Amino acid sequence: MSRSLTPRTVAIVLMVAALALLPLYAKLSGNIFLLTLFTRILILALAAVSLNLILGYGGMMSFGHAVYLGIGGYAVGMLAHEGIYSGFAQWPVALAASALFALVIGALSLRTRGVYFIMITLAFAQMAYYVLSGIARYGGDDGLTIYKRSQFFPPLNLSDKMQFYYVCLALLYAAIYLVWRIVNSRFGMVVQGVRSNELRMRAIGIPTYRYKLVCFVIAGTLCGLSGALLANHTDFISPATMYWTRSGDLIVMVVLGGMASSFGPLFGAVALLVLEEVLSGITEYWQIILGPLLLLVVLFARGGIDGLLGSLSRGKEAGHG
Amino acid sequence: MLLIIEQCLNGLQFGLLLFLLAAGLTLVFGIMDLVNLAHGSLYMLGAYFAATFAAFTGSFVLGALLALAATLVVGMVLEVIAMRRLYGRDHLDHVLATFGLILFFNELVRLVWGPEGLSLPLPPWLLTSVPILPGISYSAYRLSMILVTLAVAGFLYYLVMRTRIGMLIRAGASNREMVGALGVNIKLLYTLVFGIGAALAGLAGLMQAPILTVQIGMGENILILAFVVTVIGGIGSIRGALVAALMVGFIDTLGRAYFPDLLRMVLSGAAAATAGPALSSMLIYLLMAVVLVVKPAGLFPASGK
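Reading the values: the criteria
- Residues numbered from 1 in each chain as written.
- Chains lettered and ligands numbered in written order.
- Predicted model: local features only at pLDDT ≥ 70, side-chain atom pairs only at ≥ 80, totals over all residues.
- Helix = DSSP H or I, 4+ residues; strand = E, 2+ residues; numbered from the N terminus.
- Rg over C-alpha atoms; globule rule 2.2 N^0.38 Å.
- Buried ≥ 20, exposed ≤ 12 C-beta atoms within 10 Å, placed from the backbone.
- Contact = placed C-beta atoms within 7 Å.
- Pairing = 2+ DSSP bridges.
- Core = buried A, V, L, I, M, F, W, Y, C linked by C-beta atoms within 7 Å.
- Expected span 1.5 Å × (residues − 1).
- Arc of directions from axis to C-beta.
- pLDDT = per-residue confidence, 0-100.
- Axes fitted to C-alpha atoms, helices over the stretch in contact; angles between N-to-C directions.
- Parallel < 35°, antiparallel > 145°, perpendicular 65-115°, else oblique.
- Left-handed = near helix turned anticlockwise from the far one by under 90°.
- Nonpolar A, V, L, I, M, F, W, Y, C, P; charged D, E, K, R; others polar.

Caption draft 1: Fine view of the overall build of chain B. Along chain B, the regular secondary structure elements total 13 helices and 2 strands. Since a compact globule built from 305 residues should have a radius of gyration of about 19 Å, the 20 Å found for chain B is in line with a globular shape. Taken over 305 residues, chain B has a buried fraction of 48%. Sequence-distant contacts in chain B: of pairs separated by 6 or more residues, those separated by 24 or more amount to 75%.

Caption draft 2: Representation of the overall build of chain A within the structure. Along the backbone of chain A there are 13 helices and 2 strands. Scaling as 2.2 N^0.38, a compact globule of 321 residues should have a C-alpha radius of gyration of about 20 Å, and chain A matches this with 20 Å. Oriented by its inertia axes, the alpha-carbon framework of chain A measures out at about 65 × 55 × 40 Å. Counting over 321 residues, chain A shows a buried share of 49%. Excluding contacts between residues fewer than 6 apart, the proportion of contacts in chain A whose partners are at least 24 apart in sequence is 77%.

Caption draft 3: Examining the pairing of strand 1 (residues 129–133) of chain B more closely. Residue and element names in this part refer to chain B. With respect to burial, strand 1 is a largely exposed element, only 0 of its 5 residues being buried. Looking at chain direction, strand 1 and strand 2 (residues 136–139) are connected through 4 bridges and run antiparallel. Pairing of Val 130 across the sheet is with Tyr 138, part of strand 2. A loop of 2 residues connects strand 1 with strand 2, the two strands running antiparallel in sequence, and Gly 135 in this loop sits at a positive phi of about 85°.

Caption draft 4: Broad picture of the interface of chain B and chain A. Each side of the interface is counted separately: chain B has 37 residues, and chain A has 36 residues. Of all elements in the fold, only helix 4 (91–113), helix 10 (218–233), helix 12 (269–280) and helix 13 (283–294) of chain B reach the threshold of two or more residues within the side of chain B that touches chain A.

Caption draft 5: A look at the nonpolar core. Counting residues in hydrophobic clusters, the biggest one holds 203 residues, and the most contacted among them are B:Leu18, B:Ala50, B:Val228 and B:Val229. If near-sequence neighbours (up to four positions away) are discounted, B:Leu18 is found in contact with B:Leu225, B:Ala226, B:Val229, B:Ala245, B:Val248 and B:Gly249.

Caption draft 6: Molecular detail of helix 13 of chain B. Taking 1.5 Å of rise per residue, 12 residues should cover 16 Å, and helix 13 of chain B covers 17 Å from first to last C-alpha, within 8% of that figure. All buried positions along helix 13 of chain B are accounted for by B:Ile284, B:Met288, B:Ala289 and B:Val291. Taken down its axis, helix 13 of chain B places every buried residue within 165° of arc, on the same side. Those residues of helix 13 of chain B that are exposed and angled more than 90 degrees off the buried face are B:Val290, B:Val293 and B:Val294. At its buried positions, helix 13 of chain B is contacted by helix 4 (87–109) and helix 5 (115–134) of chain A together with helix 10 and helix 11 (238–266) of chain B.

Caption draft 7: Summary view of the environment of A:Tyr166. Structurally, the position occupied by A:Tyr166 is in helix 6 (residues 161–183). Note: C-alpha distance between A:Tyr166 and A:Val278 (112 residues apart in sequence) is 24 Å.

Caption draft 8: The arrangement of the confidence of the model for chain A in detail. On average, residues of chain A score 90 in pLDDT, and 97% of them reach the 70 mark or higher. Model confidence for chain A, summarised as mean pLDDT per element, is weakest for helix 13 (residues 304–320) of chain A at 71 and strongest for helix 9 (residues 208–234) of chain A at 96.

Caption draft 9: Local environment of the confidence of the model for chain B. Residues and elements named next belong to chain B. Mean pLDDT over chain B works out to 88, with 96% of the residues at or above the 70 mark. Averaged over each element, pLDDT in chain B is lowest for helix 12 (70) and highest for helix 3 (residues 60–81) (95). Here the predicted complex scores 0.90 on pTM and 0.87 on ipTM.

Caption draft 10: Seen up close, the packing of helix 11 of chain B against helix 13 of chain B. All names here are of chain B. At their nearest, the axes of helix 11 and helix 13 sit 9 Å apart, and the two run at 135° to each other. What the angle tells us is that helix 11 and helix 13 run oblique. By crossing handedness, the relation of helix 11 to helix 13 is classed as right-handed. Residue-level contacts link Met 247, Val 248, Ile 251, Asp 252, Gly 255 and Phe 259 of helix 11 to Leu 283, Ile 284 and Leu 287 of helix 13.

Caption draft 11: Broad picture of unusual backbone geometry. All names here are of chain A. The peptide bond linking Pro 154 to Pro 155 adopts the cis configuration, its omega dihedral lying at 10°. Along the polypeptide, Pro 155 turns up in the loop between strand 1 (144–145) and helix 6. Backbone geometry places Ala 260, a non-glycine residue, at a positive phi of 55°. Counting through the fold element by element, Ala 260 comes out in the loop between helix 10 (244–257) and helix 11 (264–282). With 17 C-beta atoms packed within 10 Å, Ala 260 lands in the partly exposed category.

Caption draft 12: Seen up close, helix 11 of chain A. With 19 residues, helix 11 of chain A extends 27 Å from end C-alpha to end C-alpha; this agrees with the ideal 27 Å at 1.5 Å per step. Among all positions of helix 11 of chain A, only A:Gly264, A:Pro265, A:Leu266, A:Phe267, A:Gly268, A:Ala269, A:Val270 and A:Leu272 are buried.

Caption draft 13: Quick peek at the environment of A:Glu82. Residue and element names in this part refer to chain A. Mapped onto the elements, Glu 82 comes out in the loop between helix 3 (67–81) and helix 4. Since 10 C-beta atoms lie within 10 Å of it, Glu 82 is described here as exposed. Distance from Glu 82 to Tyr 138, taken between C-alpha atoms, is 10.0 Å for residues 56 residues apart in sequence.

Caption draft 14: Molecular detail of the environment of B:Ser174. All names here are of chain B. Structurally, the position occupied by Ser 174 is in helix 7 (residues 164–174). Ser 174 gets classed as exposed once you count the C-beta atoms within 10 Å, which come to 11. For Ser 174 and Asn 10, which are 164 residues apart along the polypeptide, the C-alpha to C-alpha distance reads 37 Å.

Caption draft 15: Geometry of the packing of helix 12 (residues 287–300) of chain A against helix 4 of chain B. At their nearest, the axes of helix 12 of chain A and helix 4 of chain B sit 7 Å apart, and the two run at 160° to each other. As judged from the angle between their axes, helix 12 of chain A and helix 4 of chain B are roughly antiparallel. Crossing handedness for the pair helix 12 of chain A and helix 4 of chain B: left-handed. Residues A:Gln287, A:Ile288, A:Leu290, A:Gly291, A:Pro292, A:Leu294, A:Leu295 and A:Val298 of helix 12 of chain A form the contact with helix 4 of chain B, whose own contacting residues are B:Asp93, B:Leu96, B:Ala97, B:Phe99, B:Gly100, B:Leu101, B:Leu103, B:Phe104, B:Asn106, B:Glu107, B:Leu108 and B:Leu111. In the contact of helix 12 of chain A with helix 4 of chain B, the residues fall into 14 nonpolar, 4 polar and 2 charged.

See below:
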């Protein structure tokens, strides 16, 4: 494969440039809504990147990934509720709680595979949803308002929309880089090997269960970070953050963007959330369009956006050669 | 004592209701290898159809029968339009496509029936309570739910194990090509199986309709319980679904009723009051976790899967 300008590279460069310049445009045009929307997109893209690690590269079909959005968010919300505003306390707790939950859930769920795994991760996520709905001290069903965003050292101020956007952007790129490093390491090779043929990996002496579990925990922890950001973004956390349809949304982002590709989840998140925004502008009943659209993507465009860009690249090369 | 018997009957009734849903899920998975998240939507449609037809005809029973037929038809049409194209594909494709269908059905219901819920009033003859033991009476409607579900479970067993159609269904589950080669219209058979699964979900929905409000998203919470049931019972096994559904039904109902009281004996009043509701909703998931640790493929793993 030549390292020339393939459509995929062009698309990634354009996306990175657009995301970097977006706050300037928002400020100049006074369109603050755009900035808020895209901050949200970046945060959910981070969650999708983490899901892609287990779903795309690891072949683990978790249908409960949004649970870490809730756990990370509640870590921030609960600590803020108790008067602890320091991000240096809130964020590590968010990450640690997500990691711990992922460890327990993963240890149980990874004993199974295939459709069992889908249903079990879903069921455990719903369990967490009901448990948090039942805790009256932290708002129960109604959720918890967060009056002060996570405090870091000055001049970093997360209440500043522009600064917060760039924090999210930086963390998203860091996550994409981290996942890229992981999947290209020996560890990542093993995980991808397990996706293709677990029996064979076990036959050559690799303890696949442990590899999958570690991968599952990394993904959960990363998504917990996304949860902490999301709570800061909305200044609010409720069990609805981790409702199972949100897990479905994350899967849609990963598949729409293209599984097992570095920037795929970002493309998927942008595509899905912008599409939602556009459709809901057209009709109040926009999901009646989105639903069948998903069905069509599954049936006819399985490779997602990344696959589309890839096939454009191959078409170009074939034209040259 | 009185209350315990009533709660046990409630547990039985809820368990059997879960069985109706889980049986449809597990039937479709066992035979077509299809994961259908939209099963809860069919449950919801059953309830909406029943409320509408009952109001239209003025008769509860007639409305229920029409609703049952309508969900059967919706299920079969859905199979022909969408589900058929998903057979033999990745489970992730099933999850995504049927997730799309959930969004579609929820929005469709909102468009047709509006965002407010409906209610399905019971006829007077079902509103009474009947004596079941000397000195103990139980709601006639819940009792009739138990009887109807038991009859359906029996019919399902007879259909799958004792009839020619059932024989073809079982044969189609083990080898699709072979049954097709022997001249059986396997496509039609699958459409029928999906329709039956849909009708079972619809029946569960329309029976729950008078007890709960008929509302958008009503199918989703119970769908997850049905998943728990199928996972515990072993996916693809109807017998497993029945056993697991009864276990989940009893544990959930009795847990919610008595677990907070039990907790109060151990913890202080305030702590028990806080933790009680949260922990009792966890019980069935703990049951699932325990079953998975002991038997990762469920209590009755379907053979050959």
